[in-house]
Amino acid sequence: CNNMGKSTLLSDIISTVEFNYSGELLATGDKGGRVVIFQREQESKNRPHSRGEYNVYSTFQSHEPEFDYLKSLEIEEKINKIRWLPQQNAAHFLLSTNDKTIKLWKISERDKRAEGYNLKDEDGRLRDPFRITSLRVPVLMPMDLMVEASPRRIFANAHTYHINSISVNSDHETYLSADDLRINLWHLEITDRSFNIVDIKPANMEELTEVITAAECHPHQCNVFVYSSSKGTIRLCDMRAAALCDRHTKFFEEPEDPSSRSFFSEIISSISDVKFSHSGRYMMTRDYLSVKVWDLNMENRPVETYQVHEYLRSKLCSLYENDCIFDKFECCWNGSDGAIMTGSYNNFFRMFDRNSRRDITLEASRESSKPRAMLKPRKVCTGGKRKKDEISVDSLDFNKKILHTAWHPKENVIAVAATNNLYIFQDKIN
């Protein structure tokens with residue numbers, strides 16, 4: 001385990017975590033509009049265990065706070081999502097978004113500089129043309145490595161409501177962005193227009209019954225995408241069928257069990273995240289109490305359901321009063337789609353093995369996460385006599401929540417954001 005540092009400023013609360021396609025880089029965004037990129041250390045002979053350690057590679061301010069004068073609204077700088085583009089050359093590219101504006105950033109290295117100009121001196125001052133008597137050929141000289149982040153495109157003014165998702169398409173040319181009521185399709189080279197492909201805004205806003213909570217492109221079919229709703233449903237759309245995808249191709253919904261219906265049923269059924277498996281055969285959805293895996297060929301119910309923290313069902317009333325019931329937990333697949341991970345409260349996170357159906361609860365905290373220490377499984381006691389290692393459901397800390405997690409695309413390395421700490425765990429190497 002590596003704990004990547006901490007501070008207590010509100011602006012340092014991590015709001016998104018994302019590995020790039022190779023897993024060598026890991027990006028985090030925070031409430032202060034900053035993006036921090038970590039790079040994996042290469043193993044060296046004198047430090048054989050350094051492989052797997054991630055160190056800061058680049059930090060830059062992606063978004064600044066803005067003010068919408070027409071609506072008298074402050075637009076906060078918080079980074080809602082980061083998505084990497086597949087690497088095409090020596091530079092890396094990523095998309096980052098706050099509530100309103102998406103930016104394409106280029107991250108590149110420079111370790112040489114040109115020296116020996118004809119028209120200016122080494123200190124940058126222009127030379128007197130009459131003093132130039134010979135022609136010099138500039139040479140490239142080595143310099144200390146610099147990592148530069150520069151904004152290459154700014155995609156603005158396309159969303160009336162808050163952006164909750166961005167997703168790069170498998171054609172690597174287009175991407176989609178979703179807010180509460182609309183989904184837009186962009187070309188990465190074109191910033192002044194996007195195509196609106198989903199619009200669920202009713203003519204009369206008083207008739208509004210659901211909002212879009214997340215959206216993602218299919219990993220292999222560039223015409224297919226899904227979006228989830230606050231009503232617990234998922235719609236799969238095919239852009240070949242129509243330019244405006246208001247009519248879905250598939251509709252995924254699990255029938256509600258009437259016996260478990262309560263005042264909170266609608267709130268806890270709202271889907272906070274949807275993710276396609278790497279294979280493209282399945283998708284996973286996260287609601288407040290569970291994670292569900294759906295086969296794209298079966299719309300009427302999920303093929304797997306995993307309870308994340310079922311012991312909170314009896315606590316929904318107090319979670320409603322302290323607003324925790326509206327927390328948006330994300331979920332992620334491992335590289336082979338054989339395991340899934342999602343967060344919980346008390347800095348706990350849950351992992352489920354889809355083959356063995358085993359699950360484990362682990363804790364990301366400074367006490368339990370000394371470097372190279374083994375993580376101990378945690379158990380929550382719901383009543384009766386509490387065992388020695390168990391923690392009572394009444395003593396869980398609901399201010400410590402893990403909403404954002406990421407899994408390395410090829411290895412068992414995970415990144416877990418616990419408020420303003422980033423933890424990186426990896427499989428024990430003997």
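What counts as what
- Residues numbered from 1 in each chain as written.
- Predicted model: local features only at pLDDT ≥ 70, side-chain atom pairs only at ≥ 80, totals over all residues.
- Heavy atoms only, no water.
- UniProt positions renumbered as here; feature names shortened; annotations may be inferred.
- Core = buried A, V, L, I, M, F, W, Y, C linked by side-chain atoms within 4.5 Å.
- Buried < 20%, exposed > 50% of the residue type's maximum accessible area, 1.4 Å probe, protein only.
- Contact = heavy atoms within 4.5 Å.
- Pairing = 2+ DSSP bridges.
- Helix = DSSP H or I, 4+ residues; strand = E, 2+ residues; numbered from the N terminus.
- Axes fitted to C-alpha atoms, helices over the stretch in contact; angles between N-to-C directions.
- Patch = residues over 30% accessible without salt bridge, like charges linked within 9 Å, V, L, I, M, F, W, Y side chains within 5 Å.
- Areas by Shrake-Rupley, 256 points an atom, 1.4 Å probe, with all protein chains shown as cover.
- Salt bridge = Lys/Arg side-chain N within 4 Å of Asp/Glu carboxyl O.

In the nomenclature of an unreviewed UniProt entry, the protein chain corresponds to Serine/threonine-protein phosphatase 2A 55 kDa regulatory subunit B from the organism Scleropages formosus. Listed under Sequence similarities (unreviewed entry) in UniProt, the entry text for the protein chain is "Belongs to the phosphatase 2A regulatory subunit B family." Taken directly from UniProt, the Subunit (unreviewed entry) text for the protein chain runs: "PP2A consists of a common heterodimeric core enzyme, composed of a 36 kDa catalytic subunit (subunit C) and a 65 kDa constant regulatory subunit (PR65 or subunit A), that associates with a variety of regulatory subunits."

Enquirer: Could you give me a rundown of the nonpolar core, with the residues and numbers involved?
Expert: Grouped together as the largest cluster of nonpolar side chains are 19 residues, with contacts concentrated most on Tyr288, Leu312, Leu319 and Leu396. Residues contacting Leu312, with those up to four places away along its chain left out, are Leu289, Leu319, Tyr345, Val393, Leu396 and Phe398.

Enquirer: If you had to explain the sheet that holds strand β19 (residues 250-252) to someone new, which residues and values would you point to?
Expert: Here 4 strands make up an open sheet; going across it, the order is β16-β17-β18-β19 and the pairing antiparallel. Every interior strand has two partners, whereas the edge strands, β16 (212-217) and β19, have only one. Ignoring which end each strand starts from, the neighbouring axes of this sheet average 20° apart. Where strand β18 (residues 234-238) and β19 come together, 3 bridges link them in antiparallel fashion. What sits directly across from Leu236, in β19, is Lys250.

Enquirer: Describe the sheet that holds strand β20 (residues 273-276), and please don't skip the residues or the numbers.
Expert: Taken in spatial order, the 4 strands of this open sheet run β20-β21-β22-β23, and their pairing is antiparallel. Here the strands that pair on one side only, and so sit at the sheet edges, are β20 and β23 (304-307). Across the sheet, the mean angle from the axis of one strand to that of its neighbour is 15°, orientation sign disregarded. Sheet analysis places β20 next to strand β21 (residues 282-286), joined by 4 bridges and oriented antiparallel. Note on β21: the bridge partner recorded for Phe276 is Met283.

Enquirer: Please give an account of a nonpolar patch on the surface that cites residues and values.
Expert: On the surface, Phe263, Tyr320 and Phe326 cluster together to form a nonpolar patch covering roughly 330 Å² of accessible area. Inspection of the secondary structure assignment puts Tyr320 in helix α2 (residues 316-321). On the basis of relative accessible area, Tyr320 is assigned to the partly exposed category, the value being 32%.

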